[in-house]
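Residue-level listing of the chains:
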Amino acid sequence: MPRRPARGRRRAALAAALLALTGCSTGPSLENQNAVTAPPGDSHRLTVGSAGFTESDLLAQMYALLLKKAGYQTDLITVSNRELYEPALESGQIDVVAEYAATFADWLNAKENGAEAEPVGSPDPARTLRALRRLAAPRGLTVLRPGRAVDQNAFAVSASFAREHRLKTLSDLGRTKRKVRLAAGDECVQRPYCAPGLKKVYGIELTGVDPKGVGTTQAKKAVQSGQDQLVLTTTTDATLAEFSLVLLKDDKRLQNADYVVPVVNRARAGGPRVARALDALSRVLTTRDLASLNQQVDSWRRLPEDVARTYLERKGLL
């Protein structure tokens with residue numbers, strides 16, 4: 001009991017310092033090429049960042065536990081805004097963070113080349129990873145081994161609808177020629193990986209987009225009740241079964257390769273010991289595992305730290 005408040009004060013102090021400093025710093029890497037060419041660093045104390053949502057909290061906890069086992073002292077900090085935590089990662093205020101390959105590649109690309117830059121993330125994992133590493137390196141960031149887990153947009157239907165029409169894939173839905181209504185965010189109307197992509201790649205006829213949000217309870221209930229027939233969610237959504245929903249496989253790879261990947265500050269955490277510690281998780285963590293871990297926190301109300309520790313112990317990593 002006495003230790004928890006002290007830890008909380010330390011994290012609060014880190015967060016306050018981070019917010020103060022990132023306001024006037026975008027990281028040294030682009031101005032100082034030594035940040036790229038110098039040997040990888042191996043600091044004794046590392047700060048692991050979380051973006052503040054369940055999955056990110058879980059990944060941060062697992063990274064911290066594995067790094068502790070490898071002999072590092074670790075702190076955790078939550079900064080939900082990528083506009084803040086990415087410069088902090090460049091400057092070394094944050095040393096390690098879990099990212100998503102295609103999303104982060106496109107974000108760095110837009111940062112370097114402008115918001116209208118042609119996206120570099122793609123459904124091809126190898127191509128996406130090459131683009132991400134090319135963009136990350138000049139900023140003093142090292143992209144480690146991508147995991148087996150992928151958190152990307154996905155589409156679900158009710159289990160009864162899937163059975164009735166023998167659906168397992170989005171191609172199956174397109175072949176039925178049925179007109180369906182999609183529960184999603186209103187931006188889905190224009191996003192190439194959403195409504196336009198469903199039409200172009202799969203031939204799915206949408207009667208409209210019901211603006212209930214991405215993977216929200218309201219959106220899932222609309223499909224469960226039959227008001228809508230399709231819902232936009234994610235591959236690690238832990239609550240689909242609660243609404244009697246099933247994912248349809250993206251068999252033509254419409255969605256970008258958003259594999260979970262650790263990104264580290266090269267000058268502070270770029271050494272082989274950090275890579276070995278985090279690679280151990282990347283080799284075993286699957287999309288299904290990650291969905292199950294999310295469920296334990298979101299539905300079962302377990303603490304992320306406890307869920308993370310139990311998983312690592314079960315996999316023989318702790």
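What you see is a predicted model; the values in this text were computed from it and never measured.

Enquirer: In this structure, what is going on with the overall build of the protein chain? I would like to understand it.
Expert: For the protein chain, the count of helices and strands is 14 helices and 10 strands. Buried residues in the protein chain amount to 52% of all 318 residues. When the accessible area of the protein chain is evaluated, it comes to approximately 15,200 Å², of which 51% is carbon and sulfur surface.

Enquirer: Just to check I follow, could you spell out the state of the cysteines for this structure?
Expert: Put plainly, a disulfide is one covalent bond tying together the sulfur atoms of two cysteines. Across all of its chains, the model carries one disulfide by this definition. With its sulfur 1.8 Å from that of its partner, cysteine 188 forms a disulfide with cysteine 194. Note on the cysteine 188 and cysteine 194 pair: the S-S dihedral is about -90 degrees, so by sign convention the disulfide is left-handed. Cysteine 194 shares its class with cysteine 188; the two are buried.

Enquirer: Sorry if this is basic, but what is going on with the layout of surface pockets here?
Expert: Summary: where empty space remains is shown by rolling a probe the size of a single water molecule over the atoms. One number sums up the size of the largest pocket: a volume of about 1,300 Å³. If you trace the largest pocket, you find 48 residues lining it, with Thr103, Asp151, Asn153, Arg191 and Asp258 closest to the centre. The set of elements that each furnish at least two residues to the lining of the largest pocket consists of α3 (54-69), α4 (82-91), β3 (96-100), α5 (101-113), β8 (230-234) and α13 (287-298). By residue number, the principal contributor to the lining of the largest pocket is α5, which donates six residues. Among the residues making up the lining of the largest pocket, the classes are represented as 20 nonpolar, 17 polar and 11 charged.

Reading guide: rules and limits
Residues numbered from 1 in each chain as written. Predicted model: local features only at pLDDT ≥ 70, side-chain atom pairs only at ≥ 80, totals over all residues. Heavy atoms only, no water. Helix = DSSP H or I, 4+ residues; strand = E, 2+ residues; numbered from the N terminus. Buried < 20%, exposed > 50% of the residue type's maximum accessible area, 1.4 Å probe, protein only. Areas by Shrake-Rupley, 256 points an atom, 1.4 Å probe, with all protein chains shown as cover. Disulfide = S-S within 2.5 Å. 1 Å grid on protein atoms, 1.4 Å probe; cavity = no way out; pocket = protein on both sides within 12 Å on 5 of 7 lines; lining within 4 Å. Points joined across faces, edges and corners; volume = space filled by probe spheres on them. Nonpolar A, V, L, I, M, F, W, Y, C, P; charged D, E, K, R; others polar.

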